[in-house]
Amino acid sequence: MKRKKHIRGIARQWMLNSFGIVLMVLLVVVVGSALMLREYYYGSARQVLLSRSDYVYRVMEGYADGSATGSFDSEMKSYVASYSDKNMIELMALDSDGVPRLTSSGFAYKSANASDFEEALSSSDGIGWWTGEMNGQKVMAVCRLVPVLNSRYSAFRFVVSLEMVDRTVLSLILMIGAAGAVVLFGVYLTGVTFTQSLMRPIREIGAAARRIAGGDFKTRISRQADDELGELCAMVNSMADELETTERLKNDFISSVSHELRTPLTAIQGWAETLQDVGKSGEPTLEEQRLVQSGMRVILDETQRLSGMVEELLDFSRMQSGRLRMNMEKMDVLAELEEAVLIYEEKARRENILLRYNEPETIPVMVGDRTRLRQVFINVIDNALKYSDAGGEVRISASVRGDSVLISVSDDGIGIAPEDLERVKMRFYKGNYSRRGSGIGLAVADEIVTQHGGSLTLTSALGVGTTVQIMLPLGGAETTNDAGQSENEQKIINIE
């Protein structure tokens, strides 16, 4: 429940953040649009009033310079009374106190706001502006001084109502606000749809991850899109594949190790019980003495086998925890390779396998861990014999390749299937379960060679055989002239 609330909280937070940003942007747009529209329409009203005042002022200038005939006062009275646009704009004639004496509407004002008149008196161009309420209406007025002296009228004023302008601005603002609300609603629906499409696979991934964490490695997620979430689904599926493979290999490894341990323990127990009864009836006979020798040999061999398996498991544990350390020193790699060959001479003879060792005359001294490298050679040779049948042949050779030494172990055994070849160096992996082994020896050998700066590669074909090549750098070794070497001495252990 906490995880679900957390996921929903993320979706809600994302929605609130995105929705809040869009709302703020829309509010800025609406407020900005309202200010711009008000400025535009009010500016238009000012421009209209100013143009009307300019026209009247030019007419009055004729009386000021004497070019017009007749009385200015009577002409002003006649012009105000017959003003054609009085339904939209009211024209007033003001006295020296700023009080309207004539109005185009015929309405008599006993007093008036004279702020525009006072501004006109103090301004250089004789023009004053005022916006406020008049008779309960919001109006805009422009006052302009007359150019005629000694007249009963000192100024004229144009007044226009702003109620229509304000209604127009308000209508446009409401339209913009409605459009913004539609946009906001569309953003909300889009956001909800997007978050649902986003959170659905995330919830599926979370549920699948919990099932995988619970041990259900067969869980898979259907990839519905070719995007980052689809890639994440593919990665989770790949992780599940790897975990399933590792789990299977681990179980196979436990089964294999259990079997490998049971076999020598059974042999040791059986022979121990058999030898326990030897000599109870008196002096052991010759046959009983031979039985004791055979039993002791089996017990020693199986004990050595158990010891090797335990040591291999310990090495693997050290490798997994990063504690597999190399004791690097100058060493004779041929001596360690020959020691490994000698260990398996008797085994190869018993199993009727020809062990052929092409020994070079000399190999430069190299820097490495002699014990660990001997362990690698033993593991590789043991595998070659293990997967070879009676009458087969195992070939071992060593040579210098540039600044490295190449050690090759080949057999003509059962080989490795192509699908298994890339995975044989994986921990726990066994390509063939019909032969003994824990499946970790080659992984440990590969790690040892890697820590020496070398490489361990395998080439194989089913029914043909396998070749393992170990390349080790000759770090710190003296330079050797390959041309000065004699023909490789061939040492053959032949089984008749």
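As shown above, the structure is provided for reference.
Small disclaimer: the values here were computed from a predicted structure and weren't measured.

### Brief notes about the environment of aspartate 241
Alright, step 1. Among the secondary structure elements, aspartate 241 is positioned in helix H5 (residues 228-276).
Alright, step 2. The spatial distance from the C-alpha of aspartate 241 to the C-alpha of lysine 218 is 7.8 Å, given a sequence separation of 23 residues.
Alright, step 3. At 2.5 Å, the side chain of aspartate 241 forms a polar contact with the side chain of arginine 220.

### Topic: empty space enclosed by the protein
Alright, step 1. Here the structure, examined in full by the defined rule, presents one cavity of 30 Å³ or more.
Alright, step 2. One number sums up the size of the largest cavity: a volume of about 90 Å³.
Alright, step 3. Val56, Val59, Met60, Tyr63, Phe72, Glu75, Met76 and Tyr79 together form the lining of the largest cavity.
Alright, step 4. Those elements giving two or more residues to the lining of the largest cavity turn out to be helix H1 (2-64) and helix H2 (72-81).
Alright, step 5. Classifying every residue of the lining of the largest cavity gives seven nonpolar, no polar and one charged.

### A short note on the packing of aromatic side chains
Alright, step 1. What the rule picks out here adds up to four aromatic pairs.
Alright, step 2. Taking 6.3 Å as the distance between ring centres and 50 degrees as the angle between the ring planes, the aromatic pair formed by tyrosine 79 and tyrosine 83 counts as tilted.
Alright, step 3. Relative accessible area serves as the criterion here: at 26%, tyrosine 79 is assigned to the partly exposed category.
Alright, step 4. Judged by centre distance (6.0 Å) and plane angle (90 degrees), the rings of phenylalanine 156 and phenylalanine 158 are edge-to-face.
Alright, step 5. Taken together, the ring pairs connect Tyr79, Tyr83, Phe156 and Phe158 into an aromatic cluster.
Alright, step 6. For arginine 38, the ring lying beneath its charged end belongs to tyrosine 42, and the centroid distance is 4.2 Å.

### Considerations on the nonpolar core
Alright, step 1. In terms of nonpolar packing, the biggest core is built from 42 residues, with Phe377, Ile396, Ile407, Ile470 and Leu472 touching the most fellow members.
Alright, step 2. Those elements that provide at least two residues to this core are helix H7 (333-343), strand S7 (354-359), helix H9 (370-386), strand S9 (393-401), strand S10 (404-411), helix H11 (441-451), strand S11 (455-461) and strand S12 (465-473).
Alright, step 3. In terms of residue count, the dominant contributor to this core is H9 (seven residues).
Alright, step 4. In this structure, leucine 472 is in contact with Val333, Met366, Leu373, Ser404, Val405, Ile407, Val449 and His452, ignoring residues within four places of it in sequence.
Alright, step 5. With 28 residues, the next largest nonpolar core counts Val56, Leu91, Ala93 and Leu162 among its residues.

About the cut-offs
Residues numbered from 1 in each chain as written. Predicted model: local features only at pLDDT ≥ 70, side-chain atom pairs only at ≥ 80, totals over all residues. Heavy atoms only, no water. Helix = DSSP H or I, 4+ residues; strand = E, 2+ residues; numbered from the N terminus. Polar contact = N/O pair within 3.5 Å; in protein donor to acceptor, adjacent residues only side chain to side chain. 1 Å grid on protein atoms, 1.4 Å probe; cavity = no way out; pocket = protein on both sides within 12 Å on 5 of 7 lines; lining within 4 Å. Points joined across faces, edges and corners; volume = space filled by probe spheres on them. Nonpolar A, V, L, I, M, F, W, Y, C, P; charged D, E, K, R; others polar. Phe/Tyr/Trp six-rings, centres within 6.5 Å; stacked < 30°, edge-to-face > 60°. Buried < 20%, exposed > 50% of the residue type's maximum accessible area, 1.4 Å probe, protein only. Lys NZ or Arg CZ within 6 Å of the ring centre and 35° of its normal. Core = buried A, V, L, I, M, F, W, Y, C linked by side-chain atoms within 4.5 Å. Contact = heavy atoms within 4.5 Å.

Distances and angles like these do not, on their own, reveal function.
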